[in-house]
Amino acid sequence: MNYNTIKLNLDEGIATVTLNRPDVLNALSEELYSELDAAVTSLDEDDAVRVIIFTGSGERAFSA
């Protein structure tokens, strides 16, 4: 699935979900929340995923 407000990377059982709205300090929006829900649901269904790491893009804040 293509995402507009998050980035998803899966490598050797480690999933990294990056909130990607640095211009607004990665603030939650309906779109971001919906994409997080879809990503976490798909990762939960993948038996290869061992851990999910959440991070935010930009330098000022993880999320506002």
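For the structure, check the block above.
Keep in mind that what you see is a predicted model, and the values were worked out from it rather than measured.

(A) Highlighting helix α1 (residues 30–44). In this model, α1 (15 residues) spans 21 Å end to end at C-alpha, consistent with the 21 Å of a helix rising 1.5 Å per residue. Taken residue by residue, α1 has Leu32, Glu35, Leu36, Ala39 and Leu43 as its buried positions. Relative to the axis of α1, the buried residues are bounded by an arc of 105° and lie together on one face. Among the exposed residues of α1, those pointing more than 90 degrees away from its buried face are Glu30, Tyr33 and Asp44. Tucked into the core, α1 has its buried residues touching β1 (6–11), β2 (14–19) and β3 (51–56).

(B) Spatial organisation of the nonpolar core. Tyr3, Ile6, Ala15, Val17, Leu19, Leu32, Leu36, Ala39, Leu43 and Val49 together form the largest nonpolar core, which totals 10 residues. Counting residues per element, the ones that place at least two in this core are β2 and α1. In terms of residue count, α1 provides more of this core than any other element does, 4 residues in total.

(C) Layout of the environment of Leu36. Inspection of the secondary structure puts Leu36 in helix α1. Given the relative accessible area of 17%, Leu36 is considered buried. Once the C-alpha coordinates of Leu36 and Arg60 are considered, the two residues, 24 residues apart in sequence, prove to be 21 Å apart. If we ignore the near neighbours within four places in the chain, the residues touching Leu36 are Ile6, Val17, Leu19, Leu28 and Phe54.

(D) Structural view of the pairing of β3. For β2 and β3, the ladder comprises 6 bridges, and the chain directions are parallel. Within β3, the position partnered with Thr16 by the bridge is Ile53. The β-α-β motif built from β2, the intervening α1 and the parallel element β3 has right-handed crossover chirality.

(E) Structural detail: a nonpolar patch on the surface. There is a patch of nonpolar side chains on the surface, built from Ile14, Val51 and Ile53 and spanning about 220 Å² of accessible area. For Ile53, a relative accessible area of 40% gives the class partly exposed.

(F) Broad picture of the sheet that holds β3. Here 3 strands make up an open sheet; going across it, the order is β1-β2-β3 and the pairing mixed. Each edge of the open sheet is held by one strand with a lone partner, namely β1 and β3. Sheet twist, expressed as the mean angle between neighbouring strand axes with direction ignored, is 15°.

The rules behind the values
- Residues numbered from 1 in each chain as written.
- Predicted model: local features only at pLDDT ≥ 70, side-chain atom pairs only at ≥ 80, totals over all residues.
- Heavy atoms only, no water.
- Helix = DSSP H or I, 4+ residues; strand = E, 2+ residues; numbered from the N terminus.
- Expected span 1.5 Å × (residues − 1).
- Buried < 20%, exposed > 50% of the residue type's maximum accessible area, 1.4 Å probe, protein only.
- Arc of directions from axis to C-beta.
- Contact = heavy atoms within 4.5 Å.
- Core = buried A, V, L, I, M, F, W, Y, C linked by side-chain atoms within 4.5 Å.
- Pairing = 2+ DSSP bridges.
- Right-handed = clockwise from strand over helix to strand, strands pointing away.
- Patch = residues over 30% accessible without salt bridge, like charges linked within 9 Å, V, L, I, M, F, W, Y side chains within 5 Å.
- Areas by Shrake-Rupley, 256 points an atom, 1.4 Å probe, with all protein chains shown as cover.
- Salt bridge = Lys/Arg side-chain N within 4 Å of Asp/Glu carboxyl O.
- Axes fitted to C-alpha atoms, helices over the stretch in contact; angles between N-to-C directions.

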